[in-house]
Amino acid sequence: MQKKPFVSFDKLKEITERYPTPFHLYDEAGIRRTARELKDAFAWNNGFKEYFAVKACPNPFILKILKEEGCGVDCASLTELKLAEALGFRGDDIMFSSNETPAEEFEYARKLDATINLDDITHIDYLARHGGLPDRICLRYNPGGELLIGSVYMGQPDASKFGMTKQQIFSAVQRLQQLGVKRFGLHALLASNAADNNYYPANASILFDLAIELRRKLNAELFMVNLSGGIGIPYLPEQSMPDIHTIGASIRETFGKQMSADGLGEVAIATELGRFMTGPHGCLVARAIHKKHIYKEYIGLDACAVNLMRPAMYDAYHHITVSGKEDALCDHVYDVVGSLCENNDKFAVDRALPQIDDGDLIIIHDTGAHGYSMGYNYNGKLKSAEILLHPDGSFDMIRRAETVRDYFATFDFCDLLKSVE
Ligand SMILES: *Cc1c(COP(=O)(O)O)cnc(C)c1O
């Protein structure tokens, strides 16, 4: 299957006349469409809510779009909490799914009355001292073992640092009940970038079983089952998008059989999807600026791993399109590389592409989640701008590119910058 960019060559030319490359470009129409499809797929559940995983795309303009579509946010740090607060998210619009949480972050989350997702049993007393216990709380479960669905390997929970064992969940609920906590949520994230339609329903089923047991044995009052994130997207052209309606319908069936049959039909389903929501609706736009021929053919871009870390960090595949050459024959083989002094700074290795000429616009697909946000400043390279393409074809810069001044800002207590300006 051919993977098509969401932006045409003509539109991209127009955008690059106003904003220099590299930049991340986001498709507002696509983000809204996905948010609506998700909502529709879970419309059968009364309290359903998506808490967008802020770390996937922490831009306030993107978060505002998702807020308009009825989403809450899932935060994991003080900065993310403040970002949520600044955008008007309050109370149970906010999940706080952190781990190894510093005291001031719990305190701030309590101030906002966010729903706290407790990662460990020892955090009960820590939270009681720092911010105080709320009347509702979510607990993060780690079932251990291997996650197999049929014979498909999905992940290795027993090697994951997150969540509590089953026994700890039971002890935590008992202790929290004694301390006056009234209502409980359950959460688990057992796989990442799961392409299989069966992952989410399997996770749901594990949490439903736990909910029922907690209710039977401890008379726990449950308000939420949070399926967290983890649904994948088709990075490879031969993959297809997980079908959110099939996933929603499958969970509906299990919910009916397990939860409703046990008197838990009013429990709200929550999701904390990141990648699924915005991943396909962003791309990194860069320009080919150098061509190098040694033992292999290299195309050098004006972007580097600072702008998109996934290929260097996970050896992840990101599809590449040469804008304007969408239908040209892929009769060249290139390594498409960035400018870091690191040999893993390669967006693609041995990739079949059309002939690339200096100045060509290169679209690196599926950077809308865990793209810009994972960036860093190695080699003193600066993070790019972010541009939002609106449904009517107009576009705005929603974050400017970093400048040398930004890089110097954290040591501006000396006069270094003045001497080079
Ligand atoms: C990262 C994360 C998510 C989002 O994961 P995706 O793979 O982007 O869907 C959701 N919840 C928690 C707690 C996370 O750490």
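The written sequence of each chain sets the order in which its residues are numbered from 1. At least 70 in pLDDT is required for a residue's local features to be given in this predicted model, at least 80 for side-chain atom pairs to be given and counted, and no such filter applies to totals for whole chains, interfaces and linings, which use all residues. Based on all heavy atoms of the structure, the side-chain values leave hydrogens and waters out of the count.

**Some words on the overall build of the protein**
Secondary structure is summarised from DSSP: a helix means a run of H or I of at least four residues, a strand means a run of E of at least two, and numbering begins at the N terminus for each. Along the backbone of the protein there are 13 helices and 19 strands. Note on method: radius of gyration uses C-alpha positions; expected globular size equals 2.2 Å times residues raised to 0.38. Over its C-alpha trace the protein gives a radius of gyration of 23 Å, about what one expects of a compact globule, namely 22 Å for 421 residues. Principal-axis analysis of the C-alpha atoms places the extent of the protein at approximately 70 × 55 × 40 Å. Exposure categories follow from relative accessible area, calculated using a 1.4 Å probe and restricted to protein chains: below 20% of the type maximum is buried, above 50% is exposed, and the middle band is partly exposed. The buried share of the protein, taken over its 421 residues, is 54%. When the accessible area of the protein is evaluated, it comes to approximately 18600 Å², of which 50% is carbon and sulfur surface. By the counting rule applied here, Lys and Arg register as positive and Asp and Glu as negative, while His and the ends of each chain are not counted. Every charge is mapped to an atom, namely NZ of Lys, CZ of Arg, CG of Asp or CD of Glu. The averaged location of the 58 negative side-chain charges in the protein is 3 Å from the averaged location of its 45 positive side-chain charges. The Shrake-Rupley method, run with a 1.4 Å probe, gives the accessible areas here. Residue values count only the displayed protein chains as cover.

**Thoughts on the domain arrangement of the protein**
Where interface size is given, it is often the accessible area lost as the parts come together that is meant. Segmentation into domains, and thus their bounds, comes from an automatic or database assignment. Along its sequence, the protein is organised into domain 1 (28–279) and domain 2 (281–411). Relative placement of domain 1 and domain 2: their C-alpha centres are 32 Å apart. For any pair of parts, buried area is found by adding up, for both, the accessible area (1.4 Å probe) each one loses once the two are put together. Taking both partners together, domain 1 and domain 2 bury about 1800 Å²; carbon and sulfur atoms supply 56% of that area. The largest contributions to the domain 1 side of the interface with domain 2 come from Glu28, Tyr235 and Gly279, which together make up 33% of the buried area. A side-chain nitrogen of Lys or Arg and a carboxyl oxygen of Asp or Glu constitute a salt bridge if their distance falls within 4 Å. Inspection of the region where domain 1 meets domain 2 yields zero salt bridges. Any N or O atom pair separated by 3.5 Å or less is treated as a polar contact, with the protein-specific requirement of one donor-capable and one acceptor-capable atom, and with residues adjacent in sequence counted only for side-chain atom pairs. Counting across the domain 1 and domain 2 interface gives 14 residue pairs in polar contact (both at pLDDT 80 or more). Listed by contribution, the elements that provide at least two residues to the side of domain 1 that touches domain 2 are helix H2 (28–41), helix H3 (60–68) and helix H10 (275–278). When residues in the side of domain 1 that touches domain 2 are grouped by element, the largest group, six residues, is from H2.

**Overview of the site of the ligand**
In the region of the ligand, 15 residues are neighbours, and Lys55, Gly230, Glu272, Arg275 and His370 sit closest. Within the backbone of Arg275, one N or O atom sits 2.8 Å away from an oxygen atom of the ligand. One nitrogen or oxygen atom from the side chain of His370 is found 2.7 Å from an oxygen atom belonging to the ligand. Each residue is assigned to one class: nonpolar for Ala, Val, Leu, Ile, Met, Phe, Trp, Tyr, Cys and Pro, charged for Asp, Glu, Lys and Arg, and polar for all the others, Gly among them. Taken together, the residues that form the shell around the ligand break down as three nonpolar, seven polar and five charged. Each residue is tested against the molecule or strand, and it is near if at least one of its non-hydrogen atoms lies within 4 Å.

**Let's talk about unusual backbone geometry**
Note the cis peptide between Thr21 and Pro22, where omega equals -5°. Positionally, Pro22 belongs in the loop between helix H1 (9–18) and strand S1 (23–27). For Asp315, which is not glycine, the phi dihedral falls at a positive 60°. Along the chain, Asp315 turns up in the loop between helix H11 (310–314) and strand S14 (320–322). According to the relative accessible area criterion, Asp315 is exposed, its value standing at 71%.

**A few points about the pattern of salt bridges**
Between side chains of opposite charge, a pair can form when the charged atoms approach closely. One pass over the structure, following the stated rule, counts 22 salt bridges. Between Glu386 and Arg399 there is a salt bridge; the shortest N-O distance is 2.7 Å. A residue pair is termed long-range when its members are at least 10 positions apart, and Glu386 in strand S18 (residues 385–389) and Arg399 in strand S19 (residues 395–399) qualify at 13 residues. When salt bridges that share partners are traced, they join Glu28, Arg32, Arg36, Lys64, Glu68 and Glu69 into one network.

**A word on the pairing of strand S9 (residues 183–187)**
Among the five residues in S9, four count as buried, and that is most of the element. Following DSSP output, two strands are said to pair if at least two bridges run between them. Strand direction decides the pairing type here: strand S6 (residues 136–140) and S9, joined by five bridges, are parallel. If you follow Arg136 over to S9, its bridge partner there is Arg183. The pairing of S9 with strand S10 (residues 221–226) spans five bridges and is classified as parallel.

**Comments concerning the packing of H2 against helix H9 (residues 244–259)**
Helix axes are fitted to C-alpha atoms over the stretch in contact, other axes to C-alpha atoms as well, and angles between N-to-C directions run from 0 to 180 degrees. At a minimum axis separation of 8 Å, H2 and H9 run at an interaxial angle of 25°. It follows from the interaxial angle that H2 and H9 lie roughly parallel. In this structure, the crossing between H2 and H9 has a hand that is right-handed. Contacts between H2 and H9 involve Glu37, Leu38, Asp40 and Ala41 on the former and, on the latter, Ile244, His245 and Gly248. Oblique is the label for any angle not under 35 degrees, not over 145, and not in the 65 to 115 range, which are roughly parallel, roughly antiparallel and roughly perpendicular in turn. If you view the pair so one helix is near and one far, a crossing is left-handed when the near helix is turned anticlockwise from the far one by less than a right angle, and right-handed when it is turned clockwise. In this description, contact between two residues means that some pair of their heavy atoms is separated by no more than 4.5 Å.

**A closer look at the confidence of the model for the protein**
The predicted coordinates of low-pLDDT regions are not to be read in fine detail. Scored by pLDDT, the protein has a mean of 96; 99% of the residues are at 70 or more. Taken element by element, the protein is modelled with least confidence in helix H13 (residues 416–420), mean pLDDT 70, and with most confidence in S1, mean pLDDT 99. The pLDDT score gives, residue by residue, the confidence of the prediction method on a 0 to 100 scale.

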